[in-house]
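The primary structure of each chain is shown beneath.
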4 protein chains.
Amino acid sequence: MLRLLSAGESHGQALLAILEGMPAGLRVDKRIIDQELKRRQSGYGRGPRMKIEKDKVDILSGVIKGKTIGSPIALKIDNRDFSIDRLPSILAPRPGHADLAGALKYDFKDIRFVLERASARETAVRVAAGALCKFFLKEFKIAVSSKVLMVGGKTSESEIRHKIDEAKRKQDTLGGSFEVIAKGVPVGLGSYAQYDKRLDAKLAAAVMAIPGIKAVEFGLGAESANKMGSEVHDEIFYSKGNGFYRKTNNAGGIEGGVSNGEAIVLRAYMKPISSLAQPLDSVNIITKKPTKAAIQRADICAVLAAGVIAEGVVAFVLSDAFLEKFGSDSLIQIRRSYEGYVKSL
Amino acid sequence: MLRLLSAGESHGQALLAILEGMPAGLRVDKRIIDQELKRRQSGYGRGPRMKIEKDKVDILSGVIKGKTIGSPIALKIDNRDFSIDRLPSILAPRPGHADLAGALKYDFKDIRFVLERASARETAVRVAAGALCKFFLKEFKIAVSSKVLMVGGKTSESEIRHKIDEAKRKQDTLGGSFEVIAKGVPVGLGSYAQYDKRLDAKLAAAVMAIPGIKAVEFGLGAESANKMGSEVHDEIFYSKGNGFYRKTNNAGGIEGGVSNGEAIVLRAYMKPISSLAQPLDSVNIITKKPTKAAIQRADICAVLAAGVIAEGVVAFVLSDAFLEKFGSDSLIQIRRSYEGYVKSL
Amino acid sequence: MLRLLSAGESHGQALLAILEGMPAGLRVDKRIIDQELKRRQSGYGRGPRMKIEKDKVDILSGVIKGKTIGSPIALKIDNRDFSIDRLPSILAPRPGHADLAGALKYDFKDIRFVLERASARETAVRVAAGALCKFFLKEFKIAVSSKVLMVGGKTSESEIRHKIDEAKRKQDTLGGSFEVIAKGVPVGLGSYAQYDKRLDAKLAAAVMAIPGIKAVEFGLGAESANKMGSEVHDEIFYSKGNGFYRKTNNAGGIEGGVSNGEAIVLRAYMKPISSLAQPLDSVNIITKKPTKAAIQRADICAVLAAGVIAEGVVAFVLSDAFLEKFGSDSLIQIRRSYEGYVKSL
Amino acid sequence: MLRLLSAGESHGQALLAILEGMPAGLRVDKRIIDQELKRRQSGYGRGPRMKIEKDKVDILSGVIKGKTIGSPIALKIDNRDFSIDRLPSILAPRPGHADLAGALKYDFKDIRFVLERASARETAVRVAAGALCKFFLKEFKIAVSSKVLMVGGKTSESEIRHKIDEAKRKQDTLGGSFEVIAKGVPVGLGSYAQYDKRLDAKLAAAVMAIPGIKAVEFGLGAESANKMGSEVHDEIFYSKGNGFYRKTNNAGGIEGGVSNGEAIVLRAYMKPISSLAQPLDSVNIITKKPTKAAIQRADICAVLAAGVIAEGVVAFVLSDAFLEKFGSDSLIQIRRSYEGYVKSL
């Protein structure tokens, strides 16, 4: 139901997205989108680019007088550092990045043409689009949040800061892990009826598509592979007030590819940033001679940002599944459909 | 480029799939597909159903005289245990399964209508379709294999057998983990250009869509979140004979959403089977009274099978990305396009 | 929301389709599907194949005890004339058919591999799938019918019969035109919000995809290009009983890509059958020498059948748009959503 | 392979499009895109808006130093008449437009929210995206052009001018018909293998999705329904120099849903513009009282523009089918694949 295409290069004029399928009648608050953009730019260990860019969204279409009209919503975030035509060629691919594979794939003699698009800067518009999806979900009391769990093996905030300082000193980089939680998701989103309609499959794709993510898990996740069934599956209970409910949530809110009414909980693991100040061994793509990888201005660590981006893409997938189940077009109609369903449960 | 829809219930007449977009001129060997189906049915700890079913594929269309003709390929696997209309209603949802969520989603008063489709039996046709994709990949010397890494926390074969025996005795179930490796994948499949074209995102979705999978990771995976960038990223080298290559493969063959020419390596973690002989607490969906979950004939452990299924879905995703890059229609034309590319690298 | 893939060759074992996305709880009557299949086989001027085949559908999945369960529905129609592996090669492409273009596209040295799939026999499963969609639409009092308007320039039944007799005598073939009418379609299906969501665009594609169709028009159609706006546009009226209504329907029930509550009316024009008993000039695809086109057993005229097929594909498109607007999953939920909307109008 | 989403309202800040999947290495000339935009704005009988807007495209992404980089291309056309938040509400739907159906579909109390997006002004970005596709096709010597055939029943230029003057005097509007021709299309685009892959079906959808189009036909089109097969089908010939060829092109370049190497020829019929200066009968959507339809600044006739738009959408569909057959990513690779194919024919 929902479609999203993004566009834009890291040092191009702007980042853009078109979000299609958002129903009519939804109140949109630009300030909250800008707050989300700011959240994406924050976190200890971010690079100098974050000081240059002060991301603000322009909503170019699809919203009149603060409300959606069911038409595609175009989002634009200008790049302050718009310099793409003046930037030098790059010939030494960075290990860990799309640099080499991209240059070979597209027949480029300049890695610049890869990294401008492969840059994580693109995720700013995914956050903006995700913020719109959050507005939609909020109408149905669904809230998506995230938190950093670990950075470079450390879990407490002070240890994390020290670790980041250490990495900076060593001109090295760090990754980490974060959790995304979606509360208030009704039972019945996604489906087991076809492999590609499973909600966990869609969420996994969306989160794995965030730059740097190397692992995704739901609920108890990888750990569930070590246990017996009786220790893992969430027993089912019922009470008048709550309807069906669970006392545990090892499933992370999804059973058989379908949301089960509990909070959806997923965790993702991010590798360290691929742009190192002390560059790794590489090869000049033209001369084929050994060289050090190109040095690009970059973060030391961006796990907090990745969590914010993940919130956005999770909100997108949930909104899409919600619209598929309850119908599209207008908030009034969708609410009627949703309330009828909830009442029937 | 490739499209795949599956159909069929666990105790219905048959399982079916239509695979669309496979190029013309590909040799198809039914016996090898049947071998793959047999692999899916094997492994220590499988249940009684595996003794009943002797899966064999019928290729109903798209292949003439042993070769594909570019038309949709219909695959059918008959169920020996075809009994769907005689089977009793089920009212006690099994924790871990789609049972409860499915019944509420679709307004069912009988969980039978859920579990017949949500059953992992459906994966047989995904394996058959995957076998066709393997034929295609083999033409380009791409091979997809899998191996079990761990079951219930145990890694050696003898320990695994003991663990499964123990689970059986306790009327409990087990999960585990497995690895899928795709060798020979050319550099340049997938793309960073749009979030949903990333090869790792597509692979993650495909593998997460296998029943029971709760975590997916590439290369060093979750572990990479604990390390520094200089320890993780695979440095780039070049030699006349090999072209660009790496000495490590922590990336698991994918950087920036694009295959980088190294083997693609992913691992998946499966939760224990959700059907327990010693059932968990549940609630009757009609009376809302507490009860024990329904008992369904099931495996103790199916990690080996899950690996075989994962090979199939990985082969599907890789074939699709390959066709997107090199064109479709005919093996002759695709080979020409592929060889020109490889030569240019 | 709805997905449909078909498979099968003209002289293969069977024709198949998988229809995905049909909601749960819909009553399915196999006899009515078979009646639709029979309607597709009838009409004056049909060829000998129609005497061999007595199409009956097998519903292999997705329906239990006569009702859909929200799972993919697999449909199979066996070919009595299953002989594909014994049939001779064909080297002389028939003008008007996919024969030549198909052989070049797929690198075939035998046109048999084209015509087996390009055959209009495939449309039998589209009719079966369409019959299921008609069951769905009927729940909301939407009915899709068709009628032949003209055959070979003749409009009365007796003239049409004479024309077909004449064509048969001359070993020639005929086309014609037909109209499809969908009554009871609610206002608001389809959308102007994105070019590919327009209902008329989707219907045009579906009908143009029927073999032999060369033109499609809505309402007054091509004729509207000759008139002034004041003569064409359907003025708007309102009454307590009817709500908004029109006294004319030149738009054919669609304005701006959206159904407007009036009957949807489209007409299609079919070229004459491409297989002539007195064959046209052609070229041997191997020797490149002039030859007469291959002679294949065929109809003289199949306009009535094309109308029946068009009903099916129109029902599919309308069902899909209906589900998109009102939500999917269960007939109970969809009805609730639909009735709330109708009441609000 | 190609994806296109457009966004923007008639009096919003700008019109936008994101075109995804265009290969790398394609030269882009902004001036030619602007010329295409100018062509869309021209023609006798256009309204005052055409005097206000001087459409120029901004290419915001996907092009560096005049060449595509394989990344999504964002296109923006600013609206000079950006006034959407100041414009008055509209309550009287115009017959022929999406006004009424749109307001009911989306629960609007102001038709402004419909007409801003349903406006044909949106087609400007389709023309811009189409111009990019034309650049791509030109690399393979494929050219797409159009010409007006008829306006209000008149075919000569002087008669057409008189007719438009008459319509203006009467405060009425006109439609007409146009032809689109694509020359140089190789044999083998599109496929009969699945109903929705037929090239004519895709072209019909694309052209029918242009506002005001009520009929689409290929080659001899509707007229072929009046003739016998021997009069219609294009006999096949062969010569050393030309390969396979035809002396007639009644099929309009497509047989069995596949391009056959002849020029693709389609015609479309446009109804008169729906905004009349002398408005038709309508109903106030709030009070339900009879009223005259809202008067909106509009063209008398826009058939020439519709032809230009049709060129663009045809170029999009052909480019997409071309990429599907010959592979994507880089112009160098696609050319290699294409030339190998052409040589083999």
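Worth saying up front: this structure is predicted, and the values here are computed from it rather than measured. (Residues numbered from 1 in each chain as written. Chains lettered and ligands numbered in written order. Predicted model: local features only at pLDDT ≥ 70, side-chain atom pairs only at ≥ 80, totals over all residues. Heavy atoms only, no water.)

Asks: So what's going on with the side chain of Lys325(C)? Which residues, and what values?
Replies: Structurally, Lys325(C) is set in helix α9 (residues 303–326). Under the relative-accessibility criterion, Lys325(C) is labelled buried at 3%. Setting aside residues no more than four positions away along its own chain, Lys325(C) makes contact with Gly327(A), Ser328(A), Asp329(A), Gln333(A), Gly188(C), Leu189(C), Tyr341(C) and Lys105(D). (Helix = DSSP H or I, 4+ residues; strand = E, 2+ residues; numbered from the N terminus. Buried < 20%, exposed > 50% of the residue type's maximum accessible area, 1.4 Å probe, protein only. Contact = heavy atoms within 4.5 Å.)

Asks: Let's hear about the interface of chain A and chain B: which residues, and what values?
Replies: Across the contact, 102 residues belong to chain A and 102 residues belong to chain B. Buried surface at the junction of chain A and chain B, summed over both partners, amounts to about 7800 Å²; 63% is from carbon and sulfur atoms. Of all residues in chain A, Tyr192(A), Tyr195(A) and Lys214(A) bury the most surface against chain B, accounting for 10% of the area lost on that side. Across the contact surface, chain A and chain B share zero salt bridges. In this assembly, chain A and chain B are joined by 41 residue pairs in polar contact (both at pLDDT 80 or more). For strand β10 (residues 213–218) of chain A and strand β10 (residues 213–218) of chain B, the ladder comprises three bridges, and the chain directions are antiparallel. Counted as the bridge partner of Ala215(A) is Glu217(B) from β10(B). (Buried area = accessible area lost by both parts, 1.4 Å probe. Salt bridge = Lys/Arg side-chain N within 4 Å of Asp/Glu carboxyl O. Polar contact = N/O pair within 3.5 Å; in protein donor to acceptor, adjacent residues only side chain to side chain. Pairing = 2+ DSSP bridges.)

Asks: Go over the sheet that holds strand β4 (residues 57–59) of chain A with me, naming the residues and quoting the values.
Replies: Residue and element names in this part refer to chain A. The four strands lie next to each other as β1-β2-β7-β4, forming an open sheet whose pairing is antiparallel. Each edge of the sheet is formed by a strand with only one pairing partner; in this case those strands are β1 (3–7) and β4. In this sheet, adjacent strand axes meet at a mean angle of 20 degrees when their direction is disregarded. Two elements, β1 and strand β2 (residues 14–20), share five bridges in a ladder whose sense is antiparallel. Bridge pairing in β2 links Leu5 to Ile18. (Axes fitted to C-alpha atoms, helices over the stretch in contact; angles between N-to-C directions.)

Asks: With reference to specific residues and values, describe the side chain of Ser83(A).
Replies: Locating Ser83(A) in the fold gives a position in the loop between β7 (73–78) and α3 (99–105). Looking at Ser83(A), its side chain comes within polar contact range of the side chain of Asp81(A), at 3.3 Å.

Asks: Give me the lowdown on the relation of the copies chain B and chain C, citing residues and values where you can.
Replies: Each copy superposes on the other: chain B lies on chain C with an RMSD of 0.0 Å after a rotation of 180 degrees and an axial shift of 0.0 Å. A rotation of that kind, with that shift, is consistent with a two-fold axis. Comparing interface residues between copies, 100% of those in chain B also lie at the interface in chain C; the contact surface is shared. (Least-squares fit on C-alpha atoms with pLDDT ≥ 70 in both.)

Asks: Go over the packing of helix α7 (residues 199–208) of chain C against α9(C) with me, naming the residues and quoting the values.
Replies: If you want to describe how two helices pack, look at the angle between their axes and the distance between the axes. Residues and elements named next belong to chain C. For the pair α7 and α9, interaxial distance at closest approach is 9 Å and the crossing angle is 150 degrees. Classified by the angle their axes make, α7 and α9 are roughly antiparallel. Crossing of α7 against α9: the hand is right-handed. Across the interface between the two elements, Leu199, Lys202, Leu203, Ala206 and Val207 of α7 pack against Val313, Val314, Val317, Leu318, Asp320, Ala321 and Glu324 of α9. For the contact of α7 with α9, a count of residues per class yields nine nonpolar, no polar and three charged. (Parallel < 35°, antiparallel > 145°, perpendicular 65-115°, else oblique. Left-handed = near helix turned anticlockwise from the far one by under 90°. Nonpolar A, V, L, I, M, F, W, Y, C, P; charged D, E, K, R; others polar.)

Asks: Tell me about the pattern of salt bridges, residues and numbers included.
Replies: Going through the model one piece at a time under the given rule, you end up with 113 salt bridges over all chains. A salt bridge links Glu116(A) to Arg112(A); the shortest N-O distance between them is 3.0 Å. In this pair, Glu116(A) and Arg112(A) both sit in helix α4 (residues 112–118), four residues apart, roughly one turn of the helix. In terms of burial, Glu116(A) and Arg112(A) fall into one category: buried. Linked by salt bridges that have partners in common, Arg3(A), Glu20(A), Asp196(C), Lys197(C) and Glu324(C) make up one network.

Asks: Which residues make up the environment of Leu2(C), and what values go with them?
Replies: Residues and elements named next belong to chain C. Mapped onto the elements of the fold, Leu2 is located in the segment before β1 (3–7). In sequence terms Leu2 and Gly21 are 19 residues apart; their C-alpha atoms lie 4.6 Å from each other. Once you skip the residues sitting within four places of it in the chain, Leu2 turns out to touch Leu19, Glu20, Gly21, Met22, Cys133, Phe316, Ser319, Asp320 and Leu323.

Asks: Which residues make up the environment of Ser177(C), and what are the values?
Replies: Position of Ser177(C) relative to the elements: it lies in strand β9 (residues 176–183). The class of Ser177(C) is buried, set by a relative accessible area of 4%. Separated by 97 residues in sequence, Ser177(C) and Ser274(C) have C-alpha atoms that sit 16 Å apart. With residues up to four places along the chain from it excluded, the contact list for Ser177(C) reads Val148(C), Leu149(C), Met150(C), Ala268(C), Tyr269(C), Val303(C) and Ala225(D).

Asks: Which residues make up the interface of chain B and chain C, and what values do they have?
Replies: Taken residue by residue, the interface counts 38 residues in chain B and 38 residues in chain C. Counting across the interface, chain B meets chain C through two salt bridges. Taken together, the connections running from chain B to chain C amount to 11 residue pairs in polar contact (both at pLDDT 80 or more). Counting residues per element, the ones that place at least two in the side of chain B that touches chain C are β1 (3–7), β2 (14–20), β7 (73–78), α3 (99–105), α4 (112–118) and α10 (331–344) of chain B. In terms of residues, the side of chain B that touches chain C owes the most to one element, β2(B), which gives five residues. Grouping the constituent residues of the side of chain B that touches chain C by class yields 19 nonpolar, nine polar and 10 charged.

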